[in-house]
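# Structure at a glance
Spelled out, the chains give:
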Amino acid sequence: MNKKSCLNCGRSVSDEFCAHCGQKADTARITPHSLVKNDILGSIWHVEAKFFRTLKNISFRPGETAMDYISGKRIRYNNFISLLLILFGFNVLGYHFYEKFSPAEVLSDDVLNMKNFFSKYSKTILFVIIPMLAINAYFLFKRINLNIAEHFIIGTVSLLGILILFLLDDIVSLIGLWKPVLRIFDLIDKIIFGLSILFPAITYWNAFKKSYSKPGLLWRVLVLYVLMGVESTVISLILYTIF
């Protein structure tokens, strides 16, 4: 087998990639054709394909996706923390457009107060939910032998799913401003909201369904929801009082 030197680090290369720095062995001079095909179109397709594949897997197999990531299958997914921040930004943007195009009668004082509350404390709420899920799940699902950081990943996937549904809800709400489809999109809006509440349960069920019996998994998920409900209420009341 012919060996050649890596153009990046100078080490000897005998495979498709350099074993030292990871650069492709067939790196050649940049031409107009290679610039368009590999650097521009290739990079855009790679980023978009990976991004949408991650969103699809989180939406339809959240627990398995989290367990894949924990087990080391990570190259196929976007970084979950980065994705969390991206989706959070999209949600803020989506609500901004909803607020901009909504008639004044739709945006009641209660809606505006809630919007201001979540705008001010959204980051706090965002980054408190994940540790709460992780700590509660760590004690409820001890048999799985995951550490607290690994439960943090599952909690992150749960929140990612909720943000995906919230973003979809923003789109549905915007379309629902058109009066001829108001009723049907109002129903869709309620369904999406219900799914967002259930999404953590779906995530943990999907992740641990092979490790627990159905009754055993069911009572653990129910207890998780009770704990999360109590803790979230306390935190929200504290923040709302301060606000």
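Here, the structure is the one placed above.
First, a word on scope: everything that follows refers to the structure included in this document.

Rules used in this analysis
- Residues numbered from 1 in each chain as written.
- Predicted model: local features only at pLDDT ≥ 70, side-chain atom pairs only at ≥ 80, totals over all residues.
- Heavy atoms only, no water.
- Helix = DSSP H or I, 4+ residues; strand = E, 2+ residues; numbered from the N terminus.
- Buried < 20%, exposed > 50% of the residue type's maximum accessible area, 1.4 Å probe, protein only.
- Contact = heavy atoms within 4.5 Å.
- Phe/Tyr/Trp six-rings, centres within 6.5 Å; stacked < 30°, edge-to-face > 60°.
- Disulfide = S-S within 2.5 Å.
- Patch = residues over 30% accessible without salt bridge, like charges linked within 9 Å, V, L, I, M, F, W, Y side chains within 5 Å.
- Areas by Shrake-Rupley, 256 points an atom, 1.4 Å probe, with all protein chains shown as cover.
- Salt bridge = Lys/Arg side-chain N within 4 Å of Asp/Glu carboxyl O.
- Lys, Arg positive; Asp, Glu negative; His and termini not counted.
- Charge placed at Lys NZ, Arg CZ, Asp CG, Glu CD.

## Quick look at the overall build of the chain
- Regarding its fold elements, the chain presents 7 helices and 2 strands.
- The order of α-helices and β-strands along the chain, N terminus first, is β-β-α-α-α-α-α-α-α.
- Per-residue burial for the chain yields a buried fraction of 34% across its 243 residues.
- Residue pairs at least 24 apart in sequence account for 63% of intrachain contacts in the chain once pairs closer than 6 positions are excluded.

## A look at the side chain of T65
- With respect to the helices and strands, T65 occurs in helix α2 (residues 62-70).
- Classification of T65 by relative accessible area gives buried; the value is 0%.
- The contact partners of T65, leaving out residues within four places of it in the chain, are N57, I58, Y77 and F80.

## Details of α2
- Most of α2 sits inside the fold, with 7 of its 9 residues counted as buried.
- One or two positions beyond α2, positive phi appears at G72, with a value near 110 degrees.

## So, the packing of aromatic side chains
- Evaluated as defined, the whole model comprises 8 aromatic pairs.
- Judged by centre distance (5.5 Å) and plane angle (5 degrees), the ring pair of F141 and Y204 falls under stacked. Taken as a pair, F141 in the loop between α4 (109-140) and α5 (148-175) and Y204 in helix α6 (residues 182-208) lie far apart in primary sequence, 63 residues in all.
- Look at F141 and you get buried, because its relative accessible area is 1%.
- On the basis of relative accessible area, Y204 is assigned to the buried category, the value being 0%.
- Relative to Y212, the ring of F141 has its centre 5.8 Å away and its plane inclined at 70 degrees; by these criteria the two rings are edge-to-face. Of this pair, F141 sits in the loop between α4 and α5 while Y212 is found in the loop between α6 and α7 (214-242), placing the two residues 71 residues apart along the sequence.

## Observations concerning the state of the cysteines
- As enumerated under the stated definition, the model contains 0 disulfides in all.
- The thiol of C18 is not disulfide-bonded; the next cysteine sulfur, from C9, is found 3.6 Å away.
- Note on C18: relative accessible area 5%, which makes it buried.

## Examining a positive patch on the surface
- The grouping of R53, K56, K73 and R76 at the surface amounts to a positive patch.
- Mapping R53 onto the fold places it in helix α1 (residues 32-60).
- We classify R53 as partly exposed; its relative accessible area is 34%.

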